[in-house]
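Summary of the model geometry
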Amino acid sequence: SAPKSDEATGSSTIQIQSKVLRDFVGMELVNFQTRWALLEFSYNLTLGNMDEAYKAVKLLKGPHVWKNMAHMCVKTSRLDVAEVCLSNMGDANGARAVRLARQEKEREAQIAMVAIQLGLIEDAERLYVSCGRFDLLNKMYQACGLWEKAVETAQKKDRINLKGTYYAWGRYLENVGDYKAAIACYEKADAHRTEVPRMFYEIKDISSCEEYVRKANDKYLFGWMAKYFESKQKLDVALNYYKLAEDFMSIVRIRCFQRNFEAAEEVVNESSSGPAAYYLASQYEAMERPKDAIRLFSKSGRYNHAVRLARECGLDKDLVPLAIQCNKRVMLECAKYLEERQMYEQAVVLYKNGGNSSRALQLCFDAKLFDSLRAISDDLGSDTDPELLRKVGDFFMSHSQYDKAVQLFVTCKQPKQALELCEKYKVEMTETIAEKITDLLPDKEADAEMRNSMLKRIADICVQQQNYHLATKKYTQAGMKDKAMDALLKSGDTEKIIFFAGVLRSKEIYIRAANYLQTLNWHTEPEIMKKIIEFYNKAKAYKQLGMFYDSCSQVEIDELSNYEKALDALRESKKCLLKANEDCTMLDRRIQLIEVFVNAKNLVKDDPNQFVQTCYQLLETPNLDVAVQVGDVFAMLIEFFYSEQDFQRCYELIQTMRQRRIPLGHHVDQTVVDTIHRKLNIHIPTDSFEVDEEIDSDM
């Protein structure tokens, strides 16, 4: 009986055993040895002992036994025994297929091939799925004619073989005569451009092929139809299809065959096709029409052929523009050719463009082509012959072309001579020349003194030419920060001055940058004011910072009459000056006077009498104008009495201001002055002093 641990295997084994017994019952087996082998085979097969079953089956005869044994090998995954079984069954192809299947890595894939040879398709399908070999499963479906399953497998699990599956299905459908379905498969396989015309051609159905091509509207298919009709000598039809395929070279080829060169050239001009132009040029060359051939060779971009034909036909005037379009080898060959023909100017151009500047220079001197010499001097390199470079330099010097000479010295790696020329003849020091000279200088480690000296000379030249930004750069490279700042300050570039000061982080540079910023309109630009304070603080220049705060207070008084902000600025000034150990006696006096003035302003509403008394005391204070403008005190009193409608007191104060020659217009509104005079019926006099002040202000 079968083992209870594997009922399925036992059941299949019993079935195989029963089949073997039936096979042998039909035979006349009467000898004891055969019967015993049969019983031993059945017993071991039931227990799954394949090795012992194999020994027993070797004593038996008949293909059915080996086939049943092979079936059991699929269940037990015994590939070695299955191979022997297939051989004894006489299935040579199956045995070979199993041997080839051994190349697969997966054991299940190898056993699946045995199942296929035995016709166990479902078992093979299960094995391929279990090991993930959907490509082999796809092939099995194709071999079995299960095309829908093959496509489904390719779409879901084997996308890389999807087009190949459709192609194989298309070939199958073509063989069975289902051409419409075959076309659909070829299209899905993206093989319809070659396979569909081939299929129609083989079945000799050109009309259907032509109909398919027109519907497909594909250039490749149009080209195929054109070639077919051309092979049948139907050139007019072929031309129409070549036009649809946009195969202009083939159109030109047919037109040339028809000797219709005008139509061929018209096609070339309309299409701008390089291959078409080249083909027609070759035809013209064969017809000994060199100019037309050269023109079309050029149009097709085959300049080497154009140059070759121009030289062969002696068309030297057309040679230079053609040769320039070619590679350097062809340019140098043409240059030598033109030199031999004494066309030196054209030869110089080609030598220069071909990279042989030395020969171009020598030819310029030999043929006295000085204009060409000037044109090619910019392209000279350090690899040029030194003697030739010296001759070029002498030529430029003799013709006062010092800028060219400077460039030449730089090319020759002679920076000292280049700088001497710039200094002596005031040649413009461009950034390009300056950088080239800098690259020629020795490194700091090799000769720092010489390097810095040369950089200083470059910077000095730039300062003389008012190229301050470049001068700043070279002074900085030379380590001369003060001179770099001097040059930058002369440029007046505020943004770069601020940036430069922040980068160098030097006390002296901070102070100089802050001093420069004070020359600007800093009181209307808060950012500049912040930078001034920041730079003085970073430099710890407390004296200068205190003086700047003093200037701020004066601006607040003179321009805005804002004594509160002025007082704050003076207090900040005092803090800074104390840090600098400066005497603040005079500053304290000014702070005191402004404090009195500010306090008096605050007494207008709370204590008017004290306000008036304090203002009159201020007016009697000697040297009040060192801190407070006397006119502002008068204006404050006039404003107070005007609000009290004491116009007489207002008039007296106005008269006092006139006596002290204090301009009314700077402190008192003219409307207020007019109202006071009108209320007192007093004529408004013309103040000559105020007029003089206004004239001076305007001037």
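In this text, all values refer to a predicted model and were calculated from it rather than measured experimentally. (Residues numbered from 1 in each chain as written. Predicted model: local features only at pLDDT ≥ 70, side-chain atom pairs only at ≥ 80, totals over all residues. Heavy atoms only, no water.)

Observations regarding the overall build of the protein
Within the protein, the secondary structure is distributed over 44 helices and 0 strands. Once local pairs closer than 6 in sequence are excluded, the contacts in the protein between residues at least 24 apart make up 41%. For the protein, the computed accessible surface area is about 38,700 Å², with 48% contributed by carbon and sulfur atoms. (Helix = DSSP H or I, 4+ residues; strand = E, 2+ residues; numbered from the N terminus. Contact = heavy atoms within 4.5 Å. Areas by Shrake-Rupley, 256 points an atom, 1.4 Å probe, with all protein chains shown as cover.)

Side note on the packing of helix α16 (residues 235-245) against helix α17 (residues 248-257)
Here α16 crosses α17 at 155°, and the two axes come no closer than 9 Å. In this view, α16 runs roughly antiparallel relative to α17, as classed from their interaxial angle. Crossing angle aside, the handedness with which α16 passes α17 is left-handed. Of the residues in α17, those in contact with L235, A238, L239, Y242 and K243 of α16 are S250, I251, R253, I254, R255 and F257. Counted by class, the contact of α16 with α17 contains 7 nonpolar, 1 polar and 3 charged residues. (Axes fitted to C-alpha atoms, helices over the stretch in contact; angles between N-to-C directions. Parallel < 35°, antiparallel > 145°, perpendicular 65-115°, else oblique. Left-handed = near helix turned anticlockwise from the far one by under 90°. Nonpolar A, V, L, I, M, F, W, Y, C, P; charged D, E, K, R; others polar.)

Thoughts on the environment of A181
Checked against the element boundaries, A181 lands in helix α12 (residues 179-188). Judged by its relative accessible area of 24%, A181 falls in the partly exposed class. Put simply, A181 and G170 are 11 residues apart on the chain and 7.3 Å apart in space, counted from C-alpha to C-alpha. (Buried < 20%, exposed > 50% of the residue type's maximum accessible area, 1.4 Å probe, protein only.)

A closer look at the nonpolar core
Note that soluble globular proteins tend to have their nonpolar side chains buried in a common cluster. L280 and M429 are the most contacted members of the largest nonpolar core, which totals 136 residues. The element best represented in this core is helix α35 (residues 507-518), accounting for 7 residues. When neighbours within four sequence positions are excluded, M429 is seen to be in contact with L419, C422, A434, I437, I458, I461, C462, Q465, N467 and L470. In this structure, A600, C615, M636 and I662 belong to the second largest nonpolar core, which totals 43 residues. (Core = buried A, V, L, I, M, F, W, Y, C linked by side-chain atoms within 4.5 Å.)

Let's talk about the side chain of T438
Position of T438 relative to the elements: it lies in helix α30 (residues 431-440). For T438, a relative accessible area of 8% translates into the label buried. Only 2.9 Å separates the side chain of T438 from the side chain of K474, close enough to count as a polar contact. Discounting chain neighbours no more than four positions away, the residues touching T438 are R451, L455, I458, K474 and Q477. (Polar contact = N/O pair within 3.5 Å; in protein donor to acceptor, adjacent residues only side chain to side chain.)

Quick notes on the packing of aromatic side chains
Under the counting rule described, the total for this entry stands at 18 aromatic pairs. For the ring pair Y228 and F229, a centre distance of 5.4 Å and an interplane angle of 70° mean the geometry is edge-to-face. Summarising the burial analysis for this pair, Y228 and F229 share the class buried. With a centroid separation of 5.6 Å and 55° between ring planes, the pair formed by Y278 and F297 is classed as tilted. Highlighted residues: Y278 in helix α19 (residues 274-286) and F297 in helix α20 (residues 290-299), separated in sequence by 19 residues. Given the relative accessible area of 29%, Y278 is considered partly exposed. The positively charged end of R302 is found above the aromatic ring belonging to Y278, 5.2 Å away from the centroid. (Phe/Tyr/Trp six-rings, centres within 6.5 Å; stacked < 30°, edge-to-face > 60°. Lys NZ or Arg CZ within 6 Å of the ring centre and 35° of its normal.)

Some words on the confidence of the model for the protein
For the protein, mean pLDDT is 81; residues scoring 70 or higher make up 81% of the total. Confidence drops under a pLDDT of 50 for residues 1-35, and excluding neighbours within four residues, the segment shows 34 contacts in the predicted structure. Counting interchain partners and residues more than four positions distant, the pLDDT-below-50 stretch residues 693-699 has 1 contact. (pLDDT = per-residue confidence, 0-100.)

Considerations on the packing of helix α28 (residues 402-411) against helix α29 (residues 415-425)
Direction vectors running N to C along α28 and α29 enclose 160°, while the axes themselves pass 8 Å from each other. Classed by the angle they form, the pair α28 and α29 counts as roughly antiparallel. The interaxial crossing formed by α28 with α29 has left-handed handedness. For the pair α28 and α29, the contacting residues are Y402, A405, V406, F409 and V410 in the first and Q417, A418, L421, C422 and Y425 in the second. Along the lines of polarity and charge, the residues of the contact of α28 with α29 split into 9 nonpolar, 1 polar and no charged.

What to know about the environment of I206
Structurally, I206 is set in helix α14 (residues 206-216). Its relative accessible area of 17% is what places I206 among the buried residues. As for I206 and Y228, which are separated by 22 residues in sequence, their C-alpha atoms are 9.6 Å apart. Residues in contact with I206, not counting those within four places in the same chain, are Y201, M225 and Y228.

Structural notes on unusual backbone geometry
Of note in the backbone geometry, R259 takes a positive phi value of approximately 65° without being a glycine. For R259, the location among the structural elements is in the loop between α17 and α18 (261-271). For K426, which is not a glycine, the phi torsion comes out positive at approximately 55°. Assessed through its relative accessible area of 71%, K426 is described here as exposed.

Quick look at the side chain of D218
Mapped onto the secondary structure, D218 falls in the loop between α14 and α15 (219-231). For D218, a relative accessible area of 15% gives the class buried.

Topic: α19
An ideal rise of 1.5 Å per residue puts 18 Å on 13 residues; α19 measures up with 18 Å between its terminal C-alpha atoms. Looking at α19, one finds that the buried residues are G274, A276, A277, L280, A281 and Y284. Summarising the axial view, the buried residues of α19 lie within an arc of 155°, below the 170-degree limit, and thus occupy one face. For α19, the elements touching its buried residues are α17, α18 and α20. The backbone nitrogen of A276 has a side-chain oxygen 3.4 Å away, supplied by the residue at the start of α19, namely S273. Just beyond α19, the residue with positive phi is E288, at close to 60°. (Expected span 1.5 Å × (residues − 1). Arc of directions from axis to C-beta.)

Considering helix α21 (residues 303-313)
Owing to its 3.6 residues per turn, the α-helix brings residues three or four apart onto one side. Turning to α21, its buried residues are A306, V307, L309 and A310. All buried residues of α21 lie within an arc of 170° about the axis, which places them on one face of the element. Where α21 is buried, its residues touch α19, α20, α22 (319-324) and α23 (328-340). Backbone geometry just after α21 places G314 at a positive phi near 70°.

Thoughts on the pattern of salt bridges
Two side chains of opposite charge can pair, provided their charged atoms sit close to one another. Counted under the stated rule, the structure contains 37 salt bridges. Across the pair R198 and E202 runs a salt bridge, and its minimum N-O distance is 3.0 Å. Here E202 and R198 lie together in helix α13 (residues 192-202), a separation of 4 residues that amounts to about one turn. A salt bridge links E246 to K219, with the shortest nitrogen-to-oxygen separation between them at 2.8 Å. Here K219 lies in helix α15 and E246 lies in the loop between α16 and α17, a separation of 27 residues in the sequence. With a relative accessible area of 44%, E246 lands in the partly exposed category. (Salt bridge = Lys/Arg side-chain N within 4 Å of Asp/Glu carboxyl O.)

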